[in-house]
Each structure stands twice: as structure tokens, then as C-alpha cells.
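Residues per chain, in single letters:
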Protein chains: 2
Amino acid sequence: MPFKKIFLNEKDIPRRWYNLAADLPSPMQPPLGPDGNPLKPEMLAKVFPMNIIEQEVSTARWIDIPDEILELLTLWRPAPLRRALALEKYLLTPAHIYYKDESTSPAGSHKPNTAVAQAWYNKKFGIKRLTTETGAGQWGCALAFACNLIGLECKVYMVRISFDQKPLRKIMMQTWGANCIASPSGQTHAGRQILKKMPHTPGSLGIAISEAVEDAVTDKSGSSRYSLGSVLNHVLLHQTVIGLEAKKQLKIAGERKPDVVIGCVGGGSNFAGIAFPFICDKIHGEKIEIIPVEPTACPTLTKGPFTYDFGDTAGLTPLLPMYTLGHGFVPEPIHAGGLRYHGMAPLVSQAAVEGLINPRAFDQIKCYEAAMLWAKTEGTICAPETSHAIACTIDEAKKAKKEGKEKVILFCYSGHGLMDLAGYDKFLSGKLTAYSMPKHKIEESLRPLKNFPKARKIKTGRW
Amino acid sequence: MPFKKIFLNEKDIPRRWYNLAADLPSPMQPPLGPDGNPLKPEMLAKVFPMNIIEQEVSTARWIDIPDEILELLTLWRPAPLRRALALEKYLLTPAHIYYKDESTSPAGSHKPNTAVAQAWYNKKFGIKRLTTETGAGQWGCALAFACNLIGLECKVYMVRISFDQKPLRKIMMQTWGANCIASPSGQTHAGRQILKKMPHTPGSLGIAISEAVEDAVTDKSGSSRYSLGSVLNHVLLHQTVIGLEAKKQLKIAGERKPDVVIGCVGGGSNFAGIAFPFICDKIHGEKIEIIPVEPTACPTLTKGPFTYDFGDTAGLTPLLPMYTLGHGFVPEPIHAGGLRYHGMAPLVSQAAVEGLINPRAFDQIKCYEAAMLWAKTEGTICAPETSHAIACTIDEAKKAKKEGKEKVILFCYSGHGLMDLAGYDKFLSGKLTAYSMPKHKIEESLRPLKNFPKARKIKTGRW
């Protein structure tokens, strides 16, 4: 029988991260400061350590992974590449379906790939304490895990409604030694202001970011910094180990290259991880279709404009050139909490502008149907975010069947769903809601951006 | 740096299960029927399919694993052997600590090893539907997963208190297509009787077994059978892939043999899985210390007598020769639900009688301390059951340090703890209770066994 899994030896773990900025045919536009001028790196020095800021602005193609970070990554990496033989058989598709299994990390998703790197750089810079925010809890868990290993204090501002609804995530973070509190909290100026106005607010990711950033930059010891789990260049960079490993593994599986690469997108980090090394190949002439999949409830790439916008709801971050639904956009409460982000990583956005990637949007009911078929065939219970990649994979496998083509499909299995079972319960009891985003709602939420600096849609026209 | 994981190729998965009964120096005593006479295999025909009953009574040393079961096992097997380098470093021990990681199965524990085998044999025998009971939910999830893959209906009677306290486990089972209901239920005679007497009972594993067995044997279609997740010979047999793989992996790691093998014990199945292949080596002359670890709250091997007793609380099963605290024993509510079993697998019991294994009991507070140190060093959150094996491993590693010996310690990481975080929460908030079992309580619960047939303590005296 054909194999179902390909493992790499620890010595075959990638030694360098891949930086797409070096290969994008058009240059990246800079983030802008509050004055509308390009941000100077040193202006971020209170938020991030300088070694990470240097990475954020680097245009080097390859960046060496320090040995100590490799040592940490090998706790669970290289991650297996699996082949979904049972799903192929069920679909009677000639396609070969491969997936990179990022659910095997201790936190259960791809997030620790950047968490251990960020924690290590901060520690090296002399930082003693990291702050962050978390929504559904995946990122908070990953950073708590990393800080625990490396020996940093960790404070996580968790959106109040998730804090109350997902007590298990909080316990995970505490087990890893992090201090996890509900946001808005009484511990920051931003939090207190919100609580005064809205004492019963369920909180939001925007508010939690404001609190985490304020906490880091106002810490008088100067040894706190803030850490972000997606969107920024250095975060996406750290995730490229996913695609780099997958490339080696596909070769071992006897496949020259994938025909289709698929990943779900919220802020863009797991998608970038699996896709960027293959976008590189595409830029250099390979024919590969690369598909980011987003929820119809938050259709950033498929329905938003490319423009400068804030990374957070409160407008504390620099302005970033990206696809966005407006920083005030509040997505419907779909279960894929990790995909409920108004914007899109600038690197992913520029790849979309160039036509290097072909975004699609899927409704969550279709995604849960795909997740159920996955559980029936491949046996595992996937995260609600991951179900978007699976739904698209099934579509592509059916298309291959119709066309009679033996396509190679590769997708990123970004995380398991064992901590997020409520959506399955709703689906099984027929109570899951389908959401789409009417045009007027998007227009409304984009209105505050009217007078923002415009990002140029730089497109070389080669794709 | 030394490696942290050893994977085997799928082609290196064991092709045969190892049956300890063939090598035990003393013969196994038979299970006894209600009349006190040895049970005839056909008396079990309404409960289990004949192909499984044949396995249950087999004394063949090696039993071939059918190709179709191998195909199912390769969904996640061979499981990785990992080395706990970070823990070794933290403890400054010269010991090499290896662990077989059974948490990588879709259900998160070793249980699917036997679940897919049992489901397959039932399907082959023409059975259409399996019933079982579950306490904490690990076994119910594993059987639901297996039936889903193989195409059998699955009905799980889940102890009422767990059903209410662990809704996530129920959702997992439902996602895998099983019908999971709270026990006692109104759907069986046994359940209705109990509900009449005690309408608000939290239920018990004993009651749930009674319901599941009654459901299977009274199904008029004749195509239902019952499935058990531990204790019986065939269940332990199916788990031996764990130890057989670990042997090959230790060789690859450059270790001739382990000096110490450790597993937690409840009914005995994960312990048997890791230990039996090494007990075989011990019988054939190797010096290996083999340690089953049980909770002080349920000290079957360390404080119970070896005698005939029922496998269930209600007295529906045959009498089995085993270490037991009495079938009426109700263990304190420790978090390691999988270790709250009054008896012990007959094969494990006979190995203990022979002195081939050296049982120890650990209190749950010491076990959670070990689990916290594990999370701090190795990064993963283990199941409360697994924490018992870790606590003992840490003791052994410290002992090796004191003795200055470069010992090889191998333990079974039987499952992850992501579905069982409540115990961590209690530990972190200082509310965890230590339990021990006073002698008089054990004596009391053993009183009903006074007139039971006696099991002979057959000991060849070679260990």
C-alpha cells in the first residue's frame, strides 16, 4: 500500500527561513506612522526588540535560524507530511492529496513556530516579559508555551467572551505559567476607559491589542515587549519552515511539485508558511495555483480593497498596506475565531495584488461539512480554521476528477479541533448559521478610511 | 545535538501482536462462569464475536495482524519514540529517558490500537453495531473513531457525571458518528431499575457496563456485540504494538535494551502494551525492571489480594483471577479517571504474582507536580493517567543520578491531557486533594468476596 506519512529527520529541518519580500516582483510599501510618513524602525523600539525589528524590515532572501531556535523547534518538528489516501478513495479522485500536519505541536497548531522564535529573540535582547492578546486562544497558548520553555514571563490579554466561554484555553496557558486575564481589564488605562463606558462589554481583539501594547510600552522597567501572532513580516517569515519542509517531503514522496497549494487565511501566517516557498517557485516559472481560503463572513481578500489601514481596531498600530474590510469591521461570530481578522498580512496582500495567489471564500456550513467528511475518512477532528482549507481541497479534488487529471494538491492542516468542539456540536444539531457579508456593510465599515493615505496597487502584470 | 524523536517507516510497523500468555512461566487460570466452573468460550458468543473469543483464549506466542488492520493503524502508527532531553537536562540525570508517544492517535491516546482491531474483527464476523461504556471518555472516543472508519454503528453508555461534566468528549464521539447517552439510561432494563431506585445517581462504570452488555446481548437482530477497552487478554494483545515498536526504535537510538520500563495502570492496557514485549525479554534472561504505576487512591496491585472477582461492579461478567480491591470498591474521585478500576487485567496480575513486575503507587498531587515539570521542560500537557508514569520516571531518573548510572528509562506516554484540563486547574489553585486508601476500607470492600472461588497464587519463584 502507498505510505500515509513522510517524516524528515531532525537534521533535515530547514536551517533558514525564506523571506518572500526578496522575490516579490514589486517592492513592498512601507508602514506609515501617525504623521503619514514612512515609519522608522526605531519608532517600534518600545514595542519590539531591535533584533526582531531588523527582521521585520529585512529584504534578505534567506535568514539563518539560530541553533537554539532549531533546538526548540525540534521538540515537535519536522512536522509530518501526510497523504489523505482515505479521502482520495472516498472522493474517487485521481488527485494526490497531501497535507502538512501542524497539529502535532504541543499547543496543537502552527503558532508555536513563531512563538519560540519571538520568545528567543526577546530573551536574547534582554527582555524579561512578553505581553500579547488572544481571541480564541491558539496564539495565547503558543506564546505561553514558548515563554515557559525559554524562561520569560508572559501576560495574555484574552478577549472577555472567549475567556468566559473557553476556560480550557485559559488553563492551558496557566499550566505553561502564563498570566491570562480577561480583556478589557482594570490593569491598563485603555481597559479602564472601556470598562467605564461599557462595563459589560464582551471585549474584542482590538481592545485586547490596545491593552497588551500599552502594558508593554508603559512598563517602567523597560524589559517588557509585545508579541504578535500573525500579520507582520517576521511572523510570516518564521512560518516558512512549514512550506520548506513540505517541499523536501513531496520530493521524497516522488512528486516533482504541487499543482495546487491551499491554506486558510485570517491574518495570513499559516497560509504564508505553506505557500511562500511555493510562490517563490511560481515567480521563478513553476505553474502552481496557490489558494488562500477565507470565510465568507470575513472576506478580506475577496471583497475588501487594497489600501492603508490600521492593524488593530483602536488605531494604535502603524498604517499597513493591505487588503482590509476596515479596522472597525466586526465579523459575525463564526467558529473559526482565527479567521476573524479585518485585514491581511501586507506580504500576502502584495502577493494577491500581483495575482500570484487566487483567494476564495467559503461559508462555515460548507466548511463543517468538509470537516465531518474528513473525520469520517481521515479520522481526525480538525480546527474550524483548518476546515476552510479542507473544503477547498475537496473542491479541487472533485475538479481533478472531472478533468481526469492526476493533480498534486497540498494543503496546510493548521491545527486540531479538540479545544474548539462547540462548532461541531452546533453543526450536528443543525444550529449552525451561514454568514455572508452584504456589500453595504463592507462599504460602511470602510467609510472611516476615506481620508487615509492611499496604497498604490503595484502590479507587474506578469501573473 | 542528540535527536529527540525516532520515527519508523510504515513498512516497519509490527506485523504480529505478542501474546504474553505463551511465555508466562505459570499457566493462566481460567475465567469462571456463574456456576463456578471454567467458562467455555461459546458462553461468551452473545457478548463478543467468535474471532475475538478465539484470540482471548489463544496461547499462541505471535498472532498475525490482518493487513486491513495494519492499514488502519498506519493512519497514525508507527508512533514516535521521543527522548526527553530537556527533562534529563533539568534533572541533571545521567539517565536516558525515552517515551513512546501514544498521544498522536486521532483520539489522543493508545486506546485506538485495540478499538480499530476490535471493530474490524466484529465487522468481519458480520456484526453491524457495537456497544460499550465509557467513564472519562477516552475509550468511548476511541471506539467511536474506529467504528466510524470501519462502518459500524456505535452506542456509548457514558457515566452520567462525566456526560454532564465533559460535554466535549460527547461531541467528539458524536462527530465520529456515535450515539452517546448518559448512563443510567431509560433504554435498558438495568438502567431503568437503577433510575427507579436512585433517580439522581451520578452513575458508575459498573452500571454503564451492565447497560452496554445488556444492550448488545438483547438486541434481537443478533448483530450487536459488546466491546471492552482494557482488562481482557485480546485487548492487551492489541496494545503490544506499542512495546514492539519501541524495541526497534531503541535499537535505532543505539540502546541495547531499557533498564527500566514504566507505564501507568488502571485496567492494564497501556502498561501491557509497553511492557509485555520487555517482560518477554526478562523471562528470557534480560535484566529489566518493569514498573506499573497506580494511584494511591486505587492501589489494586500494591494493596489488593490476588483472587477471583467480577470484572464489573454489578457482577455480570465472568469471575477473573486478578488483583482486586473488590468489585464494589468505589475509588475516590481522582482526575485520572482511566485508573479508577477496582481490578487488574489477569495477564498483568499473573505477571505480578510471578514477580516479573514491581508495582508502585503514587498520589495524584505528586503526579500533577510531575506533569507541571513535564510541561515546563518537554512542553506538552499530559493526561492525568500519564502523569503517574512521568512521576515514577522522574523518581527513577533521580535515583540514577544518585547512583551515577547511565540507565535507560522507557515509559509510555499514554495520552495527552487537552481534554482533561480540570485537574491542572485544581492543582494550580491549590485545591487538589491527596488520597490514600486506609486498610479497613479495602478490607470492607473485599468482604463480599469471602465465599468466591479462590485463585491460586502460582509462582515459579524465578523472579
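Residues numbered from 1 in each chain as written. Chains lettered and ligands numbered in written order. Predicted model: local features only at pLDDT ≥ 70, side-chain atom pairs only at ≥ 80, totals over all residues. Heavy atoms only, no water.

**Focus: the sheet that holds strand β6 (residues 129-134) of chain B**
Residues and elements named next belong to chain B.
Argument step 1. Strand order in the open sheet formed by four strands is β8-β7-β6-β9, with parallel pairing between adjacent strands. Of all the strands in the sheet, the pair left with one neighbour each is β8 (179-183) and β9 (224-226). Within this sheet the neighbouring strands show an average axis-to-axis angle of 25°, counted without direction.
Argument step 2. The pairing of strand β7 (residues 153-159) with β8 spans five bridges and is parallel. Paired with M158 across the strands is A182, a residue of β8.
Argument step 3. Sheet strands in contact with helix α5 (residues 138-150) are β6 and β7, and its direction is about 165° off that of β6. (Pairing = 2+ DSSP bridges. Helix = DSSP H or I, 4+ residues; strand = E, 2+ residues; numbered from the N terminus. Axes fitted to C-alpha atoms, helices over the stretch in contact; angles between N-to-C directions. Contact = heavy atoms within 4.5 Å.)

**Digging into the interface of chain B and chain A**
Argument step 1. Counting residues at the interface gives 40 residues for chain B, matched by 40 residues for chain A.
Argument step 2. Counting every contact that joins chain B to chain A gives four salt bridges.
Argument step 3. Notably, a salt bridge pairs E10 of chain A with K5 of chain B, separated by 3.2 Å at the nearest N-O pair.
Argument step 4. Here chain B and chain A share 16 residue pairs in polar contact (both at pLDDT 80 or more) between them.
Argument step 5. For the side of chain B that touches chain A, the elements supplying multiple residues, two or more each, are α2 (67-73), α5, α7 (167-175), α15 (364-377) and α17 (422-428) of chain B. (Salt bridge = Lys/Arg side-chain N within 4 Å of Asp/Glu carboxyl O. Polar contact = N/O pair within 3.5 Å; in protein donor to acceptor, adjacent residues only side chain to side chain.)

**Describing the relation of the copies chain B and chain A**
Argument step 1. Of the two same-sequence chains, chain B is brought onto chain A (RMSD 0.0 Å, axial shift 0.0 Å) by a rotation of 180°. As the rotation angle and translation indicate, the two copies are arranged about a two-fold axis. (Least-squares fit on C-alpha atoms with pLDDT ≥ 70 in both.)

**So, the pairing of strand β13 (residues 319-323) of chain B**
Residue and element names in this part refer to chain B.
Argument step 1. Among the five residues that make up β13, five are buried, leaving the element largely enclosed by the rest of the structure.
Argument step 2. Residues of β13 alternate between two faces, with L319, P321 and Y323 on one and L320 and M322 on the opposite face, all of them buried.
Argument step 3. Where strand β12 (residues 306-310) lies against β13, five bridges are found, and the strand directions are antiparallel. Looking at β13, one finds that D309 is bridged to L320. (Buried < 20%, exposed > 50% of the residue type's maximum accessible area, 1.4 Å probe, protein only.)

**A closer look at empty space enclosed by the protein**
Argument step 1. Summed over all chains, the structure comprises four cavities of 30 Å³ or more.
Argument step 2. Taken as a whole, the largest cavity spans an internal volume of roughly 570 Å³.
Argument step 3. S103, T104 and H416 of chain A together with S103 and T104 of chain B are, among the 32 residues lining the largest cavity, the residues nearest its centre.
Argument step 4. For the lining of the largest cavity, the elements supplying multiple residues, two or more each, are β5 (96-101) of chain A together with β5 (96-101) of chain B.
Argument step 5. Looking at the lining of the largest cavity residue by residue, the class counts come to 14 nonpolar, 12 polar and six charged. (1 Å grid on protein atoms, 1.4 Å probe; cavity = no way out; pocket = protein on both sides within 12 Å on 5 of 7 lines; lining within 4 Å. Points joined across faces, edges and corners; volume = space filled by probe spheres on them. Nonpolar A, V, L, I, M, F, W, Y, C, P; charged D, E, K, R; others polar.)

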